[in-house]
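# Structural characterization, general
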Amino acid sequence: DHNPVKVIMSFRNDFNLPDRLSQAIVYGQKAVAAGKMAPECLIEMGDVYYELGQFDQAIASLDQAAAYPGYESEAHLFKGRIYFYQREFDHAKAEFEQVKPDDMAGERRYVEAQQSLQVLTVYKGKNVQPAPNF
């Protein structure tokens, strides 16, 4: 159906390909350069970069997505999750607090961010180590 995000997901989930994640990134970069669903591809690529352990690149990809009007909240939510998994709770909280209920992502993302903020209160102050990649 000419949906580049689904193609990125297909590469990402094809465990028969030894370089599946790299292929997903390369395809995503081409789609973004061509202007095909660029913010959605950047968000998906952020997850792939995270899976690759390239946390700075994941954040950079999400920052690029946030530059598109209407995608700020979704990008902040995903950035918050990355910071949470890295146990950078202050950064995670700052990202979750930027999710708006009236952004294009809608109420659902706002509710997810509010729930994440509640979880942060449980983790805050605990001596926890960074989680492995998911």
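Everything here concerns the structure above.
Residues numbered from 1 in each chain as written. Predicted model: local features only at pLDDT ≥ 70, side-chain atom pairs only at ≥ 80, totals over all residues. Heavy atoms only, no water.

## Things to note about the packing of helix α3 (residues 38–51) against helix α4 (residues 55–66)
So the rule is basically this: All axes are obtained by fitting lines to C-alpha atoms, using only the stretch in contact for helices, and the reported angles, taken between N-to-C directions, cover 0 to 180 degrees. The helix and strand labels rest on DSSP assignments: H or I over at least four residues marks a helix, E over at least two residues marks a strand, and numbering proceeds from the N terminus. Every angle not falling under 35 degrees, over 145, or within 65 to 115 is termed oblique; those three ranges are roughly parallel, roughly antiparallel and roughly perpendicular. Should any heavy atoms of two residues lie within 4.5 Å, those residues are considered in contact.
At a minimum axis distance of 8 Å, the contact between α3 and α4 shows a crossing angle of 170 degrees. By the angle class used here, α3 and α4 are roughly antiparallel. Of the residues in α4, those in contact with Pro39, Leu42, Ile43, Met45, Gly46, Tyr49 and Tyr50 of α3 are Phe55, Gln57, Ala58, Ser61, Leu62, Gln64 and Ala65.

## What to know about the side chain of glutamate 95
Put simply, the test is: Each residue is placed in one exposure class: buried if its accessible area under a 1.4 Å probe, protein chains only, is under 20% of its type's maximum, exposed if it is over 50%, and partly exposed if it falls in between.
If you trace the backbone, glutamate 95 turns up in helix α6 (residues 89–96). Given a relative accessible area of 9%, glutamate 95 falls into the buried group. With near-sequence residues (within four places) excluded, glutamate 95 lies in contact with His76, Lys79, Gly80 and Tyr83.

## Re helix α2 (residues 20–33)
Using the following cut-off: Multiplying 1.5 Å by the residue count of a helix minus one yields the expected span of that helix.
An ideal rise of 1.5 Å per residue puts 20 Å on 14 residues; α2 measures up with 20 Å between its terminal C-alpha atoms. Contact partners of the buried residues in α2: α1 (4–13) and α3. Two residues or fewer past α2, glycine 35 is found with a positive phi of approximately 75 degrees.

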